[in-house]
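# Commentary on secondary and tertiary structure
Now for the letters of each chain:
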Amino acid sequence: SIGRLLIFVNPNSGYMKGVKTFNEKVEPELRRKRIDYELIVTNSVDHAKKVVETREDLINFNAILILSGDGLVFEVLNGIFNRQDHWELLHVLPIGIIPSGSGNGLLSSVFASRKFPLKNPAFTNKAIELVTSDTCMAQPVNLIHAQTRDANYASFLSVGWGLMADIDVESERWRKSLGSNRFILGALIRCFNLRTYRGCLSFREHSLTDESTHTPFAVFGRTAAEKLRDCICAKPGTSRKSRESAANRENEDIWLTAHSIEGIPPIDSPLPQENWTVIEDEFVGVYAVARSHISNEGPMQPRAMMDDQRIYLSYIRKRDLPSRTSLLKMLIALEKGNHLKMDFLKWVDVSSFRLESLTSGKGKIVLDGETIGSDSIQVSYNIVILLYFWKRTKNILGINLQSLENIVPSLH
């Protein structure tokens, strides 16, 4: 055996073909490549999260493999963050993806960055080929910190409120029958039954130089425990102020001291006046991305790189929208990236932003496609990063987790 994987399959994602894909395509390749595995078919929401939170032997695997969409990746990632040893695991335990969900934005962004196919069956077949390669390496993807008044979250993809979030949440009822096509029907309904929400959007514009100084490591050959012996996993410092102000939010000290810039207070503290722009208005929607793609259709933000140090924030104010037809044209234009030409869609590169709904109980905030049950959120780029796999021949695979060089000087 060259290694051992912990595999999660969501039987209800997308067209509900996850188990079939594993049995017919993935398992034979694992056997052929001499890769051992433990298979867990999830049976409820947060099943995978609870597994990774409580398993004492995670460190004995080489990596985690997920057959699902972005939702299960979000579960697993945040399950790891709820462990006491999360900081160490983030440096040595990769995560790989084989797409079987209706939303596959993370893997689509990875594939697009290497010009790999985004349409099935080539999309899935390529992912299987790469995730079972014995020459997999881990490379960086930036990770963002999302904070509500009740919790801290690790996020890798997007934050939505208003139009795009409504489409995502309300089309969920057609997941089984329409798969990814549910978004098209949801978009049509929402455009012609338009809602607007009053909110306050505050942001600090991006001013850093994007740099990437990361040392890749092989996924197979050594377990996470063996890699950990050679890994310097120094945690960020702690802040007495954050410890006193947010005792109810896990990992507060780690997150607030891991931001890429100083001076970002917790969500329940006032924002500094300097360097922050504040817009209070009636919004059609707010949507921020850390990745180029939010699905395997066209790019949401083509400029987004896998490991740059910024968040791409967009918003539409009611006053700027010419008509509902214009909004529908924008959503159609998403497939080819032509939505960027729409004047009413405003974009700004930020290091951090805070969004507060001023319409109580209306408008769900969606994080990486998951509803988080909060009417306010603060999002910041930080020095914790997510990694994807690739082959030594410079082909890609999936993902993994690590921190920047100033926190972890050496991975070997």
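See the structure shown above.
In this report, we go over the structure that sits alongside the text. Being a predicted model, the structure only gives us computed values, none of them experimental. Chains are numbered independently. Their residues run from 1 in the order of the written sequence. Whole-chain, interface and lining totals are the exception, using all residues; otherwise, since this is a predicted model, local features are given only for residues with pLDDT of at least 70 and side-chain atom pairs are given and counted only at 80 or more. The basis for every side-chain value is the complete set of heavy atoms in the structure, and neither hydrogens nor water enter the calculation.

## Structural notes on the pattern of salt bridges
Any two side chains of opposite charge can pair if their charged atoms end up close together. Convention followed: Each salt bridge in this description consists of a side-chain nitrogen of Lys or Arg and a carboxyl oxygen of Asp or Glu lying within 4 Å of one another. A run of H or I in DSSP becomes a helix once it reaches four residues, and a run of E becomes a strand once it reaches two; helices and strands are each numbered from the N terminus. Accessible area is worked out with a 1.4 Å probe on protein chains only. A residue is then buried under 20% of its type maximum, exposed over 50%, and partly exposed in between.
Inspection of the entire model under this criterion finds 19 salt bridges. As a salt-bridge pair, Glu-29 and Arg-32 come within 3.0 Å of each other at their nearest N and O atoms. Residue Glu-29 and its partner Arg-32 are located together in helix 1 (residues 18-32), separated by three residues, close to a single helical turn. Glu-29 sits in the partly exposed class, given a relative accessible area of 22%. Taking relative accessible area as the criterion, Arg-32 reaches 58% and is therefore assigned exposed. For Arg-198, the salt bridge identified is with Glu-282, shortest N-O distance 3.8 Å. In this pair, Arg-198 is assigned in strand 8 (residues 197-205) and Glu-282 in strand 9 (residues 277-289), connecting sequence segments 84 residues apart.

## Overview of the environment of Ile-294
Filter applied, for reference: Should any heavy atoms of two residues lie within 4.5 Å, those residues are counted as being in contact.
Examined against the element boundaries, Ile-294 turns out to sit in the loop between strand 9 and strand 10 (311-317). Taking the C-alpha atoms as reference points, Ile-294 and Gly-369, separated by 75 residues in sequence, lie 9.1 Å from one another. If we skip the residues at most four places from it in the chain, Ile-294 touches Asp-70, Gly-105, Leu-157, Ser-158, Met-164, Tyr-287, Val-289 and Met-300.

## A closer look at helix 5 (residues 105-113)
Buried residues dominate helix 5, accounting for seven of its nine residues. Within two residues after helix 5, Lys-115 carries a phi angle of roughly 60 degrees, on the positive side.

## A look at unusual backbone geometry
Here the residue pair Asn-120 and Pro-121 is connected by a cis peptide bond, since its omega of 10 degrees sits within 30 degrees of zero. Note that Pro-121 resides in the loop between helix 5 and helix 6 (122-131). Non-glycine residue Asp-368 carries a positive phi angle of around 50 degrees. Take Asp-368: it is sitting in the loop between strand 12 (365-367) and strand 13 (370-371). Note on Asp-368: relative accessible area 2%, which makes it buried.

## Structural notes on the pairing of strand 5 (residues 136-147)
Consecutive side chains of a regular strand alternate in pointing toward one face of the sheet and then the other. In plain terms, the rule: At least two DSSP bridges between two strands are needed for those strands to be called paired.
Counting buried residues in strand 5 gives 12 out of 12 residues, a clear majority hidden from the surface. With burial as the criterion, each face of strand 5 is covered, one bearing Cys-136, Ala-138, Pro-140, Asn-142, Ile-144 and Ala-146 and the other bearing Met-137, Gln-139, Val-141, Leu-143, His-145 and Gln-147. Note: strand 5 against strand 6 (residues 152-155), four bridges, orientation antiparallel. Counted as the bridge partner of His-145 is Ala-154 from strand 6.

## What to know about the sheet that holds strand 4 (residues 95-99)
Through backbone hydrogen bonds, the strands of a sheet pair up, either in parallel or in antiparallel fashion. For clarity, the cut-off: Axis angles are defined between N-to-C directions and span 0 to 180 degrees, where every axis is a line fitted to C-alpha atoms and, for a helix, only to the segment in contact.
Taken in spatial order, the four strands of this open sheet run 2-1-3-4, and their pairing is parallel. Where the open sheet ends on each side, the last strands, each with one partner, are strand 2 (35-41) and strand 4. The average angle at which neighbouring strand axes cross in this sheet is 25 degrees, direction not considered. One ladder, built from five bridges, connects strand 3 (residues 63-68) with strand 4; its direction is parallel. Bridged to Ile-66 within strand 4 is Ile-97.

## Quick notes on the packing of helix 5 against helix 6
Using the following cut-off: Comment on the angle field: the value is read as roughly parallel under 35 degrees, roughly antiparallel over 145, roughly perpendicular from 65 to 115, and oblique elsewhere. Any residue that is not Ala, Val, Leu, Ile, Met, Phe, Trp, Tyr, Cys, Pro, Asp, Glu, Lys or Arg is counted as polar, Gly included; the first ten are nonpolar and the last four charged.
Packing of helix 5 against helix 6 brings their axes to within 12 Å, and their N-to-C directions diverge by 80 degrees. In terms of their interaxial angle, helix 5 and helix 6 are classed as roughly perpendicular. Of helix 6, the residues touching helix 5 (which contributes Leu-107, Ser-108 and Phe-111) are Phe-123, Lys-126, Ala-127 and Leu-130. Grouping the constituent residues of the contact of helix 5 with helix 6 by class yields five nonpolar, one polar and one charged.

## Looking at the nonpolar core
The line we're drawing: Residues belong to one nonpolar core when they are buried, are Ala, Val, Leu, Ile, Met, Phe, Trp, Tyr or Cys, and are joined through side-chain atoms within 4.5 Å.
Counting 68 residues, the largest nonpolar core has Phe-8, Ile-64, Val-76, Phe-111, Leu-201, Leu-313 and Phe-353 as the members making the most contacts within it. For this core, the leading source of residues is helix 3 (residues 70-81), giving seven residues. In this structure Leu-201 touches Thr-277, Val-278, Ile-279, Phe-283, Val-286, Leu-313, Tyr-315, Phe-353, Arg-354 and Leu-355, once residues within four positions along its chain are discounted. Counting residues in hydrophobic clusters, the runner-up holds 20 residues, among them Ile-167, Tyr-287, Ile-316 and Leu-328.

## Some remarks on the pairing of strand 6
Of the two faces of strand 6, the one holding Asn-152 and Ala-154 and the one holding Tyr-153 and Ser-155 are both buried throughout. Between strand 5 and strand 6, which pair antiparallel and follow one another directly, the connecting turn spans four residues.

## Topic: a nonpolar patch on the surface
The cut-off we apply is this: Patch membership needs two things, relative accessible area over 30% and no salt bridge, and members are linked within 9 Å if like-charged or within 5 Å if nonpolar (Val, Leu, Ile, Met, Phe, Trp, Tyr). Each accessible area value is a Shrake-Rupley result obtained with a 1.4 Å probe; residue values ignore everything except the protein chains displayed when judging cover.
A cluster of nonpolar side chains, namely Ile-184, Leu-185, Leu-188, Ile-189 and Phe-192, defines an oily patch on the protein surface of about 440 Å² accessible area. Inspection of the secondary structure puts Ile-184 in helix 9 (residues 182-192).

## Digging into the packing of helix 9 against helix 13 (residues 324-333)
Rules: The crossing is said to be left-handed when, going from far helix to near helix, the turn is anticlockwise and less than a right angle, and right-handed when the turn is clockwise.
At a minimum axis distance of 9 Å, the contact between helix 9 and helix 13 shows a crossing angle of 160 degrees. Put simply, helix 9 runs roughly antiparallel to helix 13. In terms of crossing hand, the pair formed by helix 9 and helix 13 is right-handed. Residue-level contacts link Ala-187, Leu-188, Cys-191 and Phe-192 of helix 9 to Arg-324, Leu-327, Leu-328 and Leu-331 of helix 13.

## What to know about the environment of Glu-226
Put simply, the rule reads: Here a polar contact means two N or O atoms within 3.5 Å. Within protein one must be a hydrogen donor candidate and the other an acceptor candidate, and residues neighboring in sequence count only if both atoms are side-chain atoms.
Tracing the chain through its elements places Glu-226 in helix 10 (residues 224-229). On a C-alpha basis, the gap between Glu-226 and Val-92 in space is 8.9 Å, while along the polypeptide they are 134 residues apart. In terms of polar contacts, Glu-226 uses its side chain to reach the backbone amide nitrogen of Thr-223, at 2.8 Å.

## A closer look at the packing of aromatic side chains
Put simply, the rule is: Between 30 and 60 degrees the pair is tilted, below 30 it is stacked and above 60 it is edge-to-face, where a pair is any two Phe, Tyr or Trp rings, Trp via its six-membered ring, whose centres lie within 6.5 Å. Counted as over-ring charges are cases with an Arg CZ or a Lys NZ within 6 Å of the ring centre that also lie within 35 degrees of the ring normal.
One pass over the structure, following the stated rule, counts seven aromatic pairs. Members of the aromatic cluster, joined through ring pairs, are Trp-161, Tyr-197, Phe-283 and Tyr-315. The side chain of Lys-126 reaches across the aromatic face of Phe-116, ending 4.8 Å from its centre.

Such coordinate-based values are descriptive only and should not be taken to indicate function.
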